[in-house]
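# Coordinates in review
One letter stands for each residue in the lines below.
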Amino acid sequence: VALQAAAILLWVAQLLGLRTLARRLGILRAFPRLAAMDALAPSLTWAEVTARLPAHTPAAGERRLRAALLGGCVQRVFFPNVNGATIRVLAAEGIEVVVPEGQGCCGALSVHAGRAEEARRLARDLVERLERSGADVVVVNAAGCGSHLKDLEHLFEGDPEFRPRARAFAAKVRDVTELLASLPARAPRHPLRARVAYHAPCHLGHAQRIQDPPRALLRAIPGVELVEIPDGEQCCGSAGVYNIIEPESATEIGRRKAAAVESTRASLVASANPGCSLQIRRMLRERGADIEAAHPVEILDRSIRGE
């Protein structure tokens, strides 16, 4: 709720030209963390700020699974198109999708900030809401959230009553690329002429050890030329909330990543984490590079829909 309220204020400031004015006057220089947040925040449309997810989407054809989608915080507010693409692709692949109401933060950002008790409170509420969905799997399209939820038992190791529930819940969590790559493709893929550089988010590649699934999904799209980013396993500088609390260091790291992305001559950079996408987009803008950042599932959605 707080993040959505902030997004509405951001949209108003953008509409009235206040963001541009504040930058020109140098007002944000006195507030490094606020300046870092402003630099990361994308331009928003009212449709994006007010986007809502359907509570239920039936599977196309014979149902394979019932999945509960984690709407996310940053994803829901700043990248609603990723959630929309996720639902469409899952449904096209025979997966029924439910989005339980009242979802709050999963607690990942609280863990990054060292607020363990707050993280447990948020995670417990989320688990209880998603448990009631009766889903076979919990699908996550933000690598940071997925990494946190798969490790939920560790967060509750001092709570013998809730720990078994956390363990059972964590066993159901799947990154969307992980789930899709584990199933034979059902929906036809239409050609998509694009040179795509894949950025491996640390929370996906290192923490969850998911390396090939997103690459395999992209390679399977006719016309896509998948290229690797030099030193691709290195962090982009986002790292949870690192680019907010250590903006100077994060900017230096991010500039190296953007230069590496630009060296691939790609037209698209694919990343399965919203924090990475925000960071890389910002650094590419700084360089004047005309490279779009998109989630792998968005690219797959374009192919399935024939866009």
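The following refers to the structure shown. Predicted model, so just to flag it, every value in this text is computed and none were measured.

## Describing the side chain of Ser277
For Ser277, the location among the structural elements is in helix H17 (residues 274-287). Residue contacts for Ser277: discarding those within four places in its chain leaves Phe79 and Ser271.

## Re helix H9 (residues 143-150)
Across the eight residues that make up H9, a large majority, seven, are buried. Ala143, Gly144, Cys145, Gly146, Ser147, His148 and Leu149 are the residues of H9 that are buried.

## Things to note about the pattern of salt bridges
Taken as a whole and assessed by the stated rule, the structure comprises 23 salt bridges. For Arg165, the salt bridge identified is with Glu131, shortest N-O distance 2.6 Å. Residue Arg165 is located in helix H11 (residues 163-170), and its partner Glu131 is located in helix H8 (residues 116-131); the two are separated by 34 residues in the primary sequence. Across the pair Arg305 and Asp301 runs a salt bridge, and its minimum N-O distance is 3.3 Å. A residue pair is termed a helical-turn pair when its members lie 3 or 4 positions apart in one helix, as Arg305 and Asp301 do in helix H18 (residues 296-305) at four residues. Among the charged side chains, a salt-bridge network with shared partners connects Arg88, Asp301, Arg305 and Glu307.

## Some thoughts on the environment of Arg209
Mapped onto the secondary structure, Arg209 falls in the loop between helix H13 (202-205) and helix H14 (212-219). Looking at Arg209, the relative accessible area reads 71%, which means it is exposed. Considering only alpha carbons, one finds Arg209 and Ser147, 62 residues apart in sequence, at a separation of 9.7 Å.

## Overview of the state of the cysteines
Tallied over the full model, the rule gives zero disulfides. Cys235 takes part in no disulfide bond, and the closest cysteine sulfur, belonging to Cys202, lies 4.3 Å away. Lacking any disulfide linkage, Cys236 is separated from the closest cysteine sulfur, that of Cys276, by 3.8 Å. Cys236 sits in the buried class, given a relative accessible area of 2%.

## Topic: H8
An α-helix turns once every 3.6 residues. As a result, residues three or four positions apart point the same way. Here H8 contains 16 residues, and its C-alpha end-to-end distance of 22 Å stays within 8% of the 22 Å for a straight helix at 1.5 Å per residue. Buried residues along H8 sit against strand S2 (65-69), helix H7 (108-112), strand S4 (137-140), H9, helix H10 (152-155) and H11.

## Brief notes about the nonpolar core
With 41 residues, the main nonpolar core has Leu90, Val139, Leu180, Val196 and Ile299 as its most contacted residues. Sorting elements by how many residues they give to this core places helix H6 (residues 80-92) first, with five residues. The residues touching Leu90, leaving out its near neighbours within four places in the chain, are Ile95, Val97, Val139, Val176, Leu179 and Leu180. Counting residues in each nonpolar core, the second largest holds 23 residues, with Ala108, Val140, Cys145 and Phe169 among its members.

## Let's talk about the sheet that holds strand S3 (residues 95-98)
Here five strands make up an open sheet; going across it, the order is S1-S3-S2-S4-S5 and the pairing mixed. Both outer strands of the open sheet, strand S1 (56-57) and strand S5 (173-175), are each paired with one neighbouring strand and no more. Pairing analysis gives three bridges linking S2 to S4, with the strands arranged parallel. Across the sheet, Leu69 pairs through a bridge with Val139, a residue of S4.

Calculation rules
- Residues numbered from 1 in each chain as written.
- Predicted model: local features only at pLDDT ≥ 70, side-chain atom pairs only at ≥ 80, totals over all residues.
- Heavy atoms only, no water.
- Helix = DSSP H or I, 4+ residues; strand = E, 2+ residues; numbered from the N terminus.
- Contact = heavy atoms within 4.5 Å.
- Buried < 20%, exposed > 50% of the residue type's maximum accessible area, 1.4 Å probe, protein only.
- Salt bridge = Lys/Arg side-chain N within 4 Å of Asp/Glu carboxyl O.
- Disulfide = S-S within 2.5 Å.
- Expected span 1.5 Å × (residues − 1).
- Core = buried A, V, L, I, M, F, W, Y, C linked by side-chain atoms within 4.5 Å.
- Pairing = 2+ DSSP bridges.

Taken by themselves, the reported measurements are silent on function.
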